[in-house]
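Architecture and fold: a report
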Amino acid sequence: MRKRLIGFVTLAAALAVAAVAVSSYRQQETADTTPRESDRSGSQEDTSAYAKPLPASGATAAQTLERDNKIPRGSYKAVGPKAYEIVRGNEFRPPGDALAHVKQLMLRSESGDATATYEIYRTVEQCQTFISDRADNLADSAASVGSGKWFLERSERILKECESLALDQDIYHADWLSKAAAMGSQEAMRAYSLSPEKAIGSLDDAIRDPAKLEAWKETATGYLRELEAQGNVNVISDMAMAYTYGGIVPADPVAALAYTRVLNRLDPRFATTNDIATREKNLSSQQKENARLSSNEIFKNCCIPR
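A brief structural summary.

Parameters at a glance
- Residues numbered from 1 in each chain as written.
- Predicted model: local features only at pLDDT ≥ 70, side-chain atom pairs only at ≥ 80, totals over all residues.
- Heavy atoms only, no water.
- Disulfide = S-S within 2.5 Å.
- Helix = DSSP H or I, 4+ residues; strand = E, 2+ residues; numbered from the N terminus.
- Buried < 20%, exposed > 50% of the residue type's maximum accessible area, 1.4 Å probe, protein only.
- Core = buried A, V, L, I, M, F, W, Y, C linked by side-chain atoms within 4.5 Å.
- Contact = heavy atoms within 4.5 Å.
- Axes fitted to C-alpha atoms, helices over the stretch in contact; angles between N-to-C directions.
- Parallel < 35°, antiparallel > 145°, perpendicular 65-115°, else oblique.
- Left-handed = near helix turned anticlockwise from the far one by under 90°.
- Nonpolar A, V, L, I, M, F, W, Y, C, P; charged D, E, K, R; others polar.
- Salt bridge = Lys/Arg side-chain N within 4 Å of Asp/Glu carboxyl O.

1. Remarks on the state of the cysteines
Applying the stated criterion to the full structure yields two disulfides. Between the sulfur atoms of Cys127 and its disulfide partner Cys162 the distance amounts to 2.0 Å. What sets the handedness of the Cys127 and Cys162 disulfide is the S-S torsion sign, and at about -75° it is left-handed. Separated by 35 residues along the polypeptide, Cys127 in helix 4 (residues 114–131) and Cys162 in helix 6 (residues 148–167) bring together distant segments of the chain.

2. Some remarks on the side chain of Asn234
Residue placement: Asn234 occurs in helix 13 (residues 233–245). For Asn234, a relative accessible area of 3% corresponds to the buried category.

3. Points about the nonpolar core
Counting residues in each nonpolar core, the largest one holds 67 residues, and the members touching the most others are Leu165, Ile171, Tyr192, Trp216, Ile236 and Leu266. The element best represented in this core is helix 14 (residues 253–266), accounting for nine residues. Contacts of Leu165, omitting those with residues within four sequence positions, involve Ala98, Leu99, Val102, Thr123, Val124, Cys127, Ile171 and Tyr172. Within the second largest apolar cluster, six residues are counted, among which are Leu65, Ile71, Tyr84 and Ile86.

4. Section: the environment of Asp175
With respect to the element layout, Asp175 can be found in the loop between helix 7 (169–172) and helix 8 (176–183). In sequence terms Asp175 and Val124 are 51 residues apart; their C-alpha atoms lie 9.9 Å from each other.

5. A short note on the packing of helix 8 against helix 9 (residues 186–194)
Two elements in contact, helix 8 and helix 9, have axes whose closest approach is 7 Å; the angle formed by their N-to-C orientations is 125°. By the criterion of interaxial angle, the relationship of helix 8 to helix 9 is oblique. Of the two possible hands of crossing, helix 8 and helix 9 adopt the one that is left-handed. Of helix 9, the residues touching helix 8 (which contributes Leu177, Ser178, Ala180 and Ala181) are Ala188, Met189, Ala191 and Tyr192. Residue classes in the contact of helix 8 with helix 9 are distributed as seven nonpolar, one polar and no charged.

6. Points about the pattern of salt bridges
In this structure the tally under the stated criterion is 17 salt bridges. The salt bridge involving Glu289 is made with Arg292; its shortest N-O contact spans 2.6 Å. Within this pair, Glu289 and its partner Arg292 are both found in helix 16 (residues 285–303), separated by three residues, close to a single helical turn. You can call Glu289 partly exposed: its relative accessible area is 31%. A relative accessible area of 35% means that Arg292 is categorised as partly exposed. Bridged by salt links that share partners, the residues Glu85, Asp267 and Arg269 form one connected network.

Limitation: the analysis is restricted to geometry and does not speak to function.
Below, the structure written as structure tokens:
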């Protein structure tokens, strides 16, 4: 995650993009090696303890997003009258031949189904992961948390299921993530924004083509702002992290505090009072007040129906 971009992209911008790429890699590594985990960092797999009946506005939003194939069915979890999470488990396809699974999804994708297109991406990406050297790193991570046997069995199964898909080069190397995001899959839009390496390649690729990096940042930021305005809590959490550490946006401790306050206001599960206190460290009284005012505007935009 060290940087040295030249031309039109500054060194600091490059460092930020590398940080996002590494962070995304680590988040995906955790998901791949842990047998029980939700897609959203910090979410619980069993949501029954806090799930509430959907408010009328939430039910309408869920029905619309599901009808338009922008989210998987049953993944919408209301967090108030407008805000919501997208929550589902890591097992996203049934056991069996991966190529056969992708081909049946392609019929839906070709008809405009964004969720089906994202499922193709996830299937291909899973096969690419387990066929690559990265699988060794995942195995080590799984072993370190006592899941080595589970991972080995899963890895052997997935490798066998991916054999035919890996031989279909047109499908295997297509950019399904960008396509799914452009079609409006909310999960793909978020994944695209968290995964610059998927869109622009390696750090060296970014150095050679800074215009492509800038295009990715513009598109990705647009996706995040769109999802934030719709009330997607997963993305609001992403923005809090981005402003804390830098990445797709420059690090900004006041903005980080503002988004953390929004998360706490939505549900203390998302951000605790201790998280707020941590963000407030080293900020002046005026900065804290600016963050409070900003959080009110963010909350009004993301989480209050109009």
